[in-house]
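# Commentary on secondary and tertiary structure
So you can see what is in the structure, the chains are spelled out below.
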Amino acid sequence: YPGLFSSSIPPGVEKKITQRAGIVQRYVDRPLLINGFKFDLRLYVVVTSFDPLKVYIYQEGLVRLATQKYQCSADSLEERTMHLTNYSINKHAASYKQNLDKKEDDTKSKVEAAEADALEGESDEAISDLGDDANEEETHAVGDSSKWSLRQLEEHLTAQGVDYPLLMSRIEDVIIKTLIAAEPQIVNTWHQGANYSTASATAIQQVTPNQTCFEIYGFDVMVDEELQPWLLEVNVFPSFSSSSPYDKRIKTQLIADVFTLIGLMPYDHDTVEKTCKEELAKRLQGSSRNLVISRSHTVSTIRTATFKSFGEAEWRLILETYEENMRRGHFTRIFPREGSGFYKQFFTTPRYSNLVLDRWIQLGGEISSPCELQSRVVSAESPAPQSMVVGKQIARSGLLFFWHNEIVPWP
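Structural notes, computed from the coordinates. Quantities reported herein were computed from a predicted structural model and do not represent experimental measurements. (Residues numbered from 1 in each chain as written. Predicted model: local features only at pLDDT ≥ 70, side-chain atom pairs only at ≥ 80, totals over all residues. Heavy atoms only, no water.)

Taken as a whole and assessed by the stated rule, the structure comprises one cavity of 30 Å³ or more. Volume-wise, the largest cavity comes out at about 30 Å³. Around the largest cavity, the lining residues are Arg64, Leu65, Thr85, Tyr87, Asn90, Tyr96, Ser146 and Lys147. Secondary structure elements with two or more residues in the lining of the largest cavity: β4 (62–69) and α3 (87–90). Classifying every residue of the lining of the largest cavity gives three nonpolar, three polar and two charged. (1 Å grid on protein atoms, 1.4 Å probe; cavity = no way out; pocket = protein on both sides within 12 Å on 5 of 7 lines; lining within 4 Å. Points joined across faces, edges and corners; volume = space filled by probe spheres on them. Helix = DSSP H or I, 4+ residues; strand = E, 2+ residues; numbered from the N terminus. Nonpolar A, V, L, I, M, F, W, Y, C, P; charged D, E, K, R; others polar.)

Shown next, in the form of structure tokens:
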């Protein structure tokens, strides 16, 4: 590309460069520093669907620090542990300090000891004094380590007068735009092999294919002095190995919350086999009902639709989205949400499912109770089905607990 290279590069060298594949990078020479050290962020993002696009960010992540204080000097470019924040590089440095997650372990042991003392009548005040001690431990163990939590970063930046909420909103903006940039190819590929669960030979347009997959992404982000986030890379298979007690705690909670978020249900072989046999018998008898629900609007009319004009297909999508968000645990949904209509301009193709959820949020639907949403779905459905299955699940302390499906008689 003309003008891409500096005029100081000899023509012969430039010719060789242009004949080879490569990546052009920009060095961020004025990064935001923590106590003089360069750092980057590993943020965990879960996409439960690309059609509609549903994006969640985990409330905790990794703040990875370099092990040499930063110097903006060409003479220091050979110092890898100064300019690179990769764990694989800095872990070998003599100054690397592992995050032992002292607060988690010490608080647990102190709680157990205090409870035992209280039961024996030796210390009624032991439990109430844990908070201050735990905070003192964290400042020493976490604050001095080479890997921080996002909460520790927030506390540090806030103490320095940095607008942490502004920083995170900018990072979330980068995440959303990055996923939108990859959305066309992913959706097109997904639709080619998607399951529409139709028992009818007639082509019926439904809102979206069945949700059969999800993805966990590891977003690596660097921040400069102006609080401008720079996307380093997106890992489609981030490491879940634990190099420290802190890593183990965060990644264990993350995986537990992911399984709850996606609604992983317990598998009952007998129930599945019985359902398949019943469906096969209905097909042979010609009484199998059409499982595909058609849309009630078009891409144009959904933008001005009202709740009353939503049909069964729209309300089912909304109810699934609402229930999924109720299972979010330590995740925060950043798309769709209030104000996400701003991102319509970045989609190459307007997706009907995205527009349905955006319209629902515009109309204040997110503040509806589950009972109100369920009643809207019931009122929009055809009276043909004789029953409907309602599945519920809850999460407690990072573990999954499921309520068995209830068969609710059709009114």
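The subject of this paragraph is the nonpolar core. Within the largest apolar cluster, 36 residues are counted, with the highest numbers of intra-cluster contacts made by Leu43, Val55, Val63, Leu153, Ile175 and Leu179. Looking at this core, the elements with two or more residues in it are β2 (37–50), β3 (53–58), β4, α6 (150–159), α7 (164–192), β6 (215–223) and β8 (331–335). Broken down by element, the residue count for this core peaks at nine residues, all from α7. One finds Phe307, Tyr352, Leu355 and Val356 within the second-largest nonpolar core, a separate group that totals 14 residues. (Core = buried A, V, L, I, M, F, W, Y, C linked by side-chain atoms within 4.5 Å. Buried < 20%, exposed > 50% of the residue type's maximum accessible area, 1.4 Å probe, protein only.)

This part is about the pattern of salt bridges. Scanning the entire structure with this criterion turns up 15 salt bridges. Residues Arg283 and Glu279 are paired through a salt bridge, measuring 3.6 Å at the closest nitrogen-oxygen approach. Of this pair, Arg283 and Glu279 are both found in helix α9 (residues 269–285), four residues apart, which corresponds to roughly one turn of the helix. When its relative accessible area of 22% is taken as the criterion, Glu279 is described as partly exposed. Arg316 serves as the salt-bridge partner of Glu312, at 2.9 Å between the closest nitrogen and oxygen. Separated by four residues within a single helix, Glu312 and Arg316 lie in helix α10 (residues 312–326), roughly one turn from each other. Arg316 sits in the partly exposed class, given a relative accessible area of 33%. Residues joined in a network through salt bridges with shared partners are Asp40, Arg42, Arg64 and Asp220. (Salt bridge = Lys/Arg side-chain N within 4 Å of Asp/Glu carboxyl O.)

Turning to the packing of aromatic side chains, a few remarks are in order. Applying the stated criterion across every chain yields a total of twelve aromatic pairs. Ring geometry for Phe307 versus Phe310: centroids 6.0 Å apart, planes at 65°, classification edge-to-face. Taking the relative accessible area as the measure of exposure, Phe307 reaches 18% and is therefore buried. Considering the side-chain rings of Phe335 and Phe347, the 6.2 Å spacing of their centres and the 40° angle between planes classify their relative orientation as tilted. (Phe/Tyr/Trp six-rings, centres within 6.5 Å; stacked < 30°, edge-to-face > 60°.)

The next point concerns the side chain of Ser149. Examined against the element boundaries, Ser149 turns out to sit in the loop between β5 (147–148) and α6. Judged by relative accessible area, which is 5%, Ser149 ranks as buried. Ignoring sequence-local partners within four residues, the contact set of Ser149 consists of Glu60, Gly61, Val63 and Tyr246. (Contact = heavy atoms within 4.5 Å.)

Within the element layout of this structure, Ser146 appears in the loop between α5 (130–141) and β5. Not counting the four nearest positions on each side in its chain, Ser146 is found in contact with Val63, Arg64, Leu65, Thr67, Ser95, Tyr96 and Lys97.

Bringing unusual backbone geometry into the picture now. Geometrically, the link from Asp51 to Pro52 is a cis peptide bond, its omega value of 5° lying close to zero. Relative to the assigned elements, Pro52 resides in the loop between β2 and β3. Following Phe335, the chain continues to Pro336 via a peptide bond in cis, the omega torsion being -5°. Here Pro336 is to be found in the loop between β8 and α11 (352–362).

Here we take up the layout of surface pockets. If you roll a probe as big as a water molecule over the atoms, it shows you where there is empty space left. In this structure, the second largest pocket spans a volume of roughly 900 Å³. Surrounding the second largest pocket, 33 residues form its lining, Asp40, Thr85, Asn86, Leu232 and Glu233 being those nearest its centre. The element that contributes the greatest number of residues to the lining of the second largest pocket is strand β7 (residues 229–235), accounting for five residues. Looking at the lining of the second largest pocket, its residues break down into 13 nonpolar, nine polar and eleven charged.

Just distances and angles here, no functional claims.
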